[in-house]
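Report on the structure
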Amino acid sequence: MKKKFLFTLLTVLVLQQTFAQFTLQKEERQSGYKGGFTPEVTLLKDGFTFLALGDFGRVGEYYQKDVAAELGRTAITLDAKFVVSVGDNFYPSGVASTQDQHWKSSFEEIYTHPNLYQDWYVILGNHDYSGSTKAQIDYSQISRRWNMPSPYFKKKFKLEDGSTLLMIFMDTNPFIDSYHHNVEKYPDLAKQDTITQKKWLIETLSDTDPNIKWKVVVGHHPLYSGGKRKENKDTRSFEAKFAALFDQYGVQAYICGHEHDLQVIRPKDRFTTQFLTGAGSEVRPTGQREGTLFAAAEPGFMAFTIAGETMLIQTIQAKNGTAKLLKSITIKSK
């Protein structure tokens, strides 16, 4: 009897989600939209969705244009509210100024779907530190959609059920020990104060707002990897600095990049799940480690949808003009 009830409930939920997506697509078509939608993905009723990608700025080369096109189609399919970039926005050496040609060739002229002309919340990667970090901050005053008010910042979002999503955007670069031995490559790094940022991070995570149901941290560098940097000293050091801290303050999701693949990792006895989405253009081989829930060496991005006590994370491959849902994972707020 119980199994029959659960099956019936699941069937109802699937039908509701399918109907919601069909209704949204029908409304868009009737309104004059002539573009495509992303098949296979789930649109949750009363869900709050954002998209995340990283390591993308390559003048449209590699898979950047494929990912950009599908990012737009998914944005309209899931009614995404904003986009998160986990850094390495411009290869190989960031930008020189707010007038750098890279802004057009790697961003403005690539992410052209109408549903991508909304807020992008952006952080810095190590390649961005090889250029002018100030230029990326200052571009926030030029572009309506580019949001980087400072190297690290926070933002609260009201969800459909009245609760709050707290998003914390870190600058992980100053916490990578090896970077401090290469001043010429990362000229702006010495300006950052890790003690001040970590104090700010702890104060932000300690927010006593009773409406906060979800805490999500965004950073460039991973806590863990099964890919190229699986045994990297910097990765292990970064894990030692922040993994327990995120658990302590109830961070449900840590979103990052740096590795050019797609990974989901939650080691044994850890609360925080890491979502690595660094396959915005170039792709490298990946692998597994203890706690790996998913890994794929494919170009793409991730969609995060919050509905009440549940977050649905959908990993989407974008390749050669087609899309494929690679993995769906759910996590709970507690």
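Residues numbered from 1 in each chain as written. Predicted model: local features only at pLDDT ≥ 70, side-chain atom pairs only at ≥ 80, totals over all residues. Heavy atoms only, no water.

So, on to the overall build of the protein. Regarding its fold elements, the protein presents six helices and 14 strands. Overall, the protein is about 65 × 45 × 40 Å in size when its C-alpha atoms are taken along their principal axes. Within the protein, the fraction of its 334 residues that count as buried is 55%. Sequence separation of at least 24 residues holds for 70% of the intrachain contacts in the protein that already meet a minimum separation of 6. For the protein, the accessible surface area stands at approximately 14800 Å², while carbon and sulfur atoms represent 53% of it. (Helix = DSSP H or I, 4+ residues; strand = E, 2+ residues; numbered from the N terminus. Buried < 20%, exposed > 50% of the residue type's maximum accessible area, 1.4 Å probe, protein only. Contact = heavy atoms within 4.5 Å. Areas by Shrake-Rupley, 256 points an atom, 1.4 Å probe, with all protein chains shown as cover.)

Turning our attention to the side chain of Thr204. Structurally, the position occupied by Thr204 is in helix 5 (residues 194-205). Separated by 2.7 Å, the side chain of Thr204 and the backbone oxygen of Trp200 make a polar contact. Leave out the neighbours within four places in its chain, and Thr204 touches Lys154, Leu166 and Ile168. (Polar contact = N/O pair within 3.5 Å; in protein donor to acceptor, adjacent residues only side chain to side chain.)

Glancing now at the sheet that holds strand 8 (residues 253-256). Here seven strands make up an open sheet; going across it, the order is 5-6-7-8-10-9-11 and the pairing mixed. Two strands close off the open sheet at either side, each with one partner strand: strand 5 (153-158) and strand 11 (292-296). Averaged over all adjacent pairs, the angle separating strand axes in this sheet is 15 degrees, with direction ignored. In this structure, strand 5 lies alongside strand 6 (residues 164-169), joined through six bridges in antiparallel fashion. The residue of strand 6 that forms the bridge with Phe153 is Phe169. (Pairing = 2+ DSSP bridges. Axes fitted to C-alpha atoms, helices over the stretch in contact; angles between N-to-C directions.)

What follows concerns the packing of helix 5 against helix 6 (residues 233-248). The contact between helix 5 and helix 6 brings their axes to 11 Å, and the two run at 15 degrees. The pairing of helix 5 with helix 6 is recorded here as roughly parallel in orientation. As for how helix 5 packs across helix 6, the hand of that crossing is right-handed. From helix 5, Lys198, Leu201 and Ile202 reach across to helix 6, where they touch Lys241, Phe242, Leu245 and Phe246. Among the residues making up the contact of helix 5 with helix 6, the classes are represented as five nonpolar, no polar and two charged. (Parallel < 35°, antiparallel > 145°, perpendicular 65-115°, else oblique. Left-handed = near helix turned anticlockwise from the far one by under 90°. Nonpolar A, V, L, I, M, F, W, Y, C, P; charged D, E, K, R; others polar.)

Every α-helix winds through 3.6 residues per turn, so residues three or four apart in the chain are directed the same way. Across its 14 residues, helix 2 (residues 64-77) extends 20 Å between first and last C-alpha, which sits within 8% of the 20 Å expected from 1.5 Å per residue. Along helix 2, ten of the 14 residues are buried, which leaves the element largely enclosed by surrounding structure. Along helix 2, the residues classified as buried are Gln64, Val67, Ala68, Glu70, Leu71, Gly72, Thr74, Ala75, Ile76 and Thr77. Remark: Asp79 follows helix 2 within two positions and exhibits a positive phi of approximately 55 degrees. (Expected span 1.5 Å × (residues − 1).)

What follows is about the pattern of salt bridges. For the structure shown, the criterion picks out 20 salt bridges. Here Glu259 and Arg284 are joined by a salt bridge, their closest N and O atoms 3.8 Å apart. Of the two residues, Glu259 is situated in the loop between strand 8 and strand 9 (262-265) and Arg284 in the loop between strand 10 (273-277) and strand 11; the sequence distance between them amounts to 25 residues. Classification of Arg284 as buried rests on a relative accessible area of 18%. (Salt bridge = Lys/Arg side-chain N within 4 Å of Asp/Glu carboxyl O.)

A few words on the confidence of the model for the protein. For the protein, per-residue confidence averages 93 on the pLDDT scale, and residues scoring 70 or more make up 94% of the total. The model gives residues 5-15 a pLDDT under 50, and that stretch makes zero contacts with residues more than four places away or in other chains. (pLDDT = per-residue confidence, 0-100.)

Moving on to the sheet that holds strand 2 (residues 82-85). On the basis of which strands lie adjacent, the open sheet formed by seven strands has the order 4-3-2-1-12-13-14 and mixed pairing. Only two strands of the sheet have a single neighbouring strand rather than two, namely strand 4 (146-147) and strand 14 (322-332). Alignment of strand 13 (residues 310-319) against strand 14, held across ten bridges, turns out to be antiparallel. Of the residues in strand 14, the one forming a bridge with Ile316 is Leu325. The strands touched by helix 2 are strand 1 (48-53), strand 2, strand 3 (120-122), strand 12 (300-307), strand 13 and strand 14; relative to strand 13, the strand with the most contacts, the crossing angle is about 140 degrees.

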